[in-house]
Amino acid sequence: MQTFKRQSLTKQLMDVILANIESGELPSGEKLPPEAELAEKLQVSRNTLREALKTLETFGIIESIHGQGTFVSAKAKLQIPNIGILQTLSSSDDIQSLLDARLVIEPGLAKLAAERHSDDDIDAITESIDRFVNNSHNLETNFHMQIAAAAHSPMLYGYLHAVYQKLVHTPYPLIQERLLPDQHDDEVREHKEILYAILEHDGSSARELMYLHLNRRFKLM
């Protein structure tokens, strides 16, 4: 198995594992060595290895079977391109491209949330709105990520999380901080409208309302 340079981070570790899968050195159905042994072989900490494996499992590259161990998924090679999409989003420095990604991903997540949400999901979304009422610009993101969680689609959740992580390192938070005090009431109203559509299991309305909400905000910015 290809080894791993000590100075690399989780992304590089994932790349090494993916390369071994693509080359056939780790074929579908192959059982991975125990965590301690694999970490030593790849020369990384066990925490770094766990983080990489957790991401790979989210994307269906590997799968954990209780009592048996961790295996390369039968569909691993088909899923590898999705990792590339996530890495592309994570490496983008263009605010507009990141906002475009939100405008494509989030309305679909709102539709899925309307179709798949649990009572706990509704409680979490409602709480995020209540918190936003009292502390606007810091917690608006929480509302959107709670809806993403309610969609119960780990892959799409991962995409959106990558976009938000990148936006933190752009001027976006400063723009948002200056915008929201004047737009706070509109934001709250629109959040509640989206929540109501989700509560009513109205996926089409939830998708449309989320699109209009984001589009209005981005135009203002």
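Preceding this section is the structure that the text describes.
Since we're looking at a predicted model, the values are computed, not measured. (Residues numbered from 1 in each chain as written. Predicted model: local features only at pLDDT ≥ 70, side-chain atom pairs only at ≥ 80, totals over all residues. Heavy atoms only, no water.)

**Student:** I would appreciate a short explanation of the side chain of Asp121 in the present structure.
**Tutor:** Topologically, Asp121 is positioned in helix H6 (residues 119-134). Buried within the structure, Asp121 lacks any salt-bridge partner; its nearest side chain of opposite charge belongs to Arg116, at an N-O separation of 9.8 Å. If near-sequence neighbours (up to four positions away) are discounted, Asp121 is found in contact with Ala149, Ala150 and His152. (Helix = DSSP H or I, 4+ residues; strand = E, 2+ residues; numbered from the N terminus. Buried < 20%, exposed > 50% of the residue type's maximum accessible area, 1.4 Å probe, protein only. Lys, Arg positive; Asp, Glu negative; His and termini not counted. Salt bridge = Lys/Arg side-chain N within 4 Å of Asp/Glu carboxyl O. Contact = heavy atoms within 4.5 Å.)

**Student:** Is there a simple way to think about the pattern of salt bridges in this case?
**Tutor:** Opposite charge on two side chains permits pairing when their charged atoms draw close. One pass over the structure, following the stated rule, counts 11 salt bridges. Put simply, Glu115 and Lys111 hold a salt bridge, and the shortest N to O gap is 2.5 Å. Taken as a pair, Glu115 and Lys111 lie in helix H5 (residues 95-116) at a separation of four residues, close to a single helical turn. Classification of Glu115 by relative accessible area gives partly exposed; the value is 44%. Judged by its relative accessible area of 23%, Lys111 falls in the partly exposed class. The closest approach of N and O atoms between Arg216 and Glu187, which form a salt bridge, is 2.9 Å.

**Student:** Explain the environment of Leu212 here, please?
**Tutor:** Mapped onto the fold, Leu212 is located in helix H10 (residues 203-220). Taking the relative accessible area as the measure of exposure, Leu212 reaches 46% and is therefore partly exposed.

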